[in-house]
Amino acid sequence: MEKKIIDFIKSLKSDQRITSFDEASTKQAIVIRILSSLGWDIFNVDEVKPDLNVGSHQVDYALRVNKANKVFINVKKVNEELNGHQKELLGCAVKEGVELSILTNGITWWFYLSLSKDPPEQRRFYSLDLLKQNPVSYTHLRAHETG
């Protein structure tokens, strides 16, 4: 699993196309591949639920264990600034009681403790940059560790 993720991230670093990815391409070419590499069954909607409606908002992916939402992920297009998008994601997570949320543009990944009482900007506890950081430093993030 780790070699697969490391190889994929190395290929991203040399892929000139990624800077032109829209949101749908970011989801398909980056996010889904990473989830699959981490062991999530991307074809099982009881495990990786796309486009989950939460009130009047939508979460791009809900990662589920035993059909219970464990992680919410919202995806923006590559190179889109993430600041300002966390409030909606965290609001959805709070409404559904989901403890962990991830906001990503495919390259930058921000991890949040959704249910914290802190302001949204202070709930972020971990950040990854797939193009700048050494991939070995974050391959410990595996599927189902939240369950």
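Use the structure listed above.
Residues numbered from 1 in each chain as written. Predicted model: local features only at pLDDT ≥ 70, side-chain atom pairs only at ≥ 80, totals over all residues. Heavy atoms only, no water.

Caption draft 1: Representation of the packing of aromatic side chains in the model. Per the counting criterion, the structure on display carries two aromatic pairs. Plain terms: the ring middles of Phe111 and Tyr126 are 5.8 Å apart, the flat faces sit at 70° to each other, and that makes the pair edge-to-face. With a gap of 15 residues between them, Phe111 in strand E5 (residues 108-113) and Tyr126 in strand E6 (residues 124-129) connect regions that are remote in the sequence. Look at Phe111 and you get buried, because its relative accessible area is 9%. The exposure class assigned to Tyr126 is partly exposed, which follows from its relative accessible area of 26%. What links up through ring pairs into an aromatic cluster is the set Phe111, Phe125 and Tyr126. Cation over ring: Arg124 sits above Trp110, and NZ or CZ is 3.9 Å from the ring centre. (Phe/Tyr/Trp six-rings, centres within 6.5 Å; stacked < 30°, edge-to-face > 60°. Helix = DSSP H or I, 4+ residues; strand = E, 2+ residues; numbered from the N terminus. Buried < 20%, exposed > 50% of the residue type's maximum accessible area, 1.4 Å probe, protein only. Lys NZ or Arg CZ within 6 Å of the ring centre and 35° of its normal.)

Caption draft 2: Molecular detail of unusual backbone geometry. Of note in this structure, Lys67 is not a glycine but carries a positive phi near 65°. Its place among the elements puts Lys67 in the loop between strand E2 (57-65) and strand E3 (68-75). A positive phi angle, near 75°, is found at Asn79, a position not held by glycine. Positionally, Asn79 belongs in the loop between E3 and helix H3 (86-96).

Caption draft 3: Here's a closer look at the sheet that holds E6. Pairing in this open sheet of six strands is mixed, and the strands run E1-E2-E3-E4-E5-E6 from one edge to the other. The sheet terminates laterally at strand E1 (48-54) and E6, the two strands that pair on one side only. The mean angle between the axes of side-by-side strands here comes to 30°, regardless of whether they run parallel or antiparallel. Each of E1, E2, E3, strand E4 (100-104) and E5 touches helix H2 (residues 23-37); the most contacted strand, E2, lies at about 10° to it. Contacting E1, E2, E3, E4 and E5, H3 crosses the sheet at an angle of about 170° to E3. (Pairing = 2+ DSSP bridges. Axes fitted to C-alpha atoms, helices over the stretch in contact; angles between N-to-C directions. Contact = heavy atoms within 4.5 Å.)

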